[in-house]
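Inside the fold
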Amino acid sequence: MAESTSADAVYPVKNKRARSNLNQLNLYLGELRDGLAMLNFQNIFLITSRHYTEKQAGIIFVVFGITQFCFQTPMGYILDHSDRKTLILGTACVVTSCLTLI
């Protein structure tokens, strides 16, 4: 008989609601990441529509990249050792979305 390779067998989750919440969170995180990864389009928008200089737009994206680099590892460590992963990720998504709209 063939082994079962379903997600439930590989990654057992005691609570079905938790799996559903994590799946929904992954969907929204993917959408958020794709929206922020369009740096080239954002750069062109800032230069042409908002009349930023190339230097100003470059500084904005350098700060963005450095900030992302500095916070990614500590947040990964915090999430690995936390029991409230969904709450932390959800809060980060809401804060990032609000800051993107500003």
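Now for a quick tour of the structure. Owing to the predicted nature of the structure, the values given are computational and were not obtained by experimental measurement.

For H51, which is not a glycine, the phi torsion comes out positive at approximately 60°. By secondary structure assignment, the location of H51 is in the loop between helix 3 (39-48) and helix 4 (54-80). Judged by relative accessible area, which is 66%, H51 ranks as exposed.

Another point: the packing of helix 3 against helix 4. At their nearest, the axes of helix 3 and helix 4 sit 9 Å apart, and the two run at 145° to each other. The handedness of the crossing between helix 3 and helix 4 comes out as right-handed. Here helix 3 contributes L39, Q42, N43, L46 and I47 to the contact with helix 4, which in turn contributes E54, A57, I60, F61 and F64. Looking at the contact of helix 3 with helix 4 residue by residue, the classes come out as seven nonpolar, two polar and one charged.

Definitions and cut-offs
- Residues numbered from 1 in each chain as written.
- Predicted model: local features only at pLDDT ≥ 70, side-chain atom pairs only at ≥ 80, totals over all residues.
- Heavy atoms only, no water.
- Helix = DSSP H or I, 4+ residues; strand = E, 2+ residues; numbered from the N terminus.
- Buried < 20%, exposed > 50% of the residue type's maximum accessible area, 1.4 Å probe, protein only.
- Axes fitted to C-alpha atoms, helices over the stretch in contact; angles between N-to-C directions.
- Left-handed = near helix turned anticlockwise from the far one by under 90°.
- Contact = heavy atoms within 4.5 Å.
- Nonpolar A, V, L, I, M, F, W, Y, C, P; charged D, E, K, R; others polar.

Remember, this is a structural readout, not a statement about activity or role.
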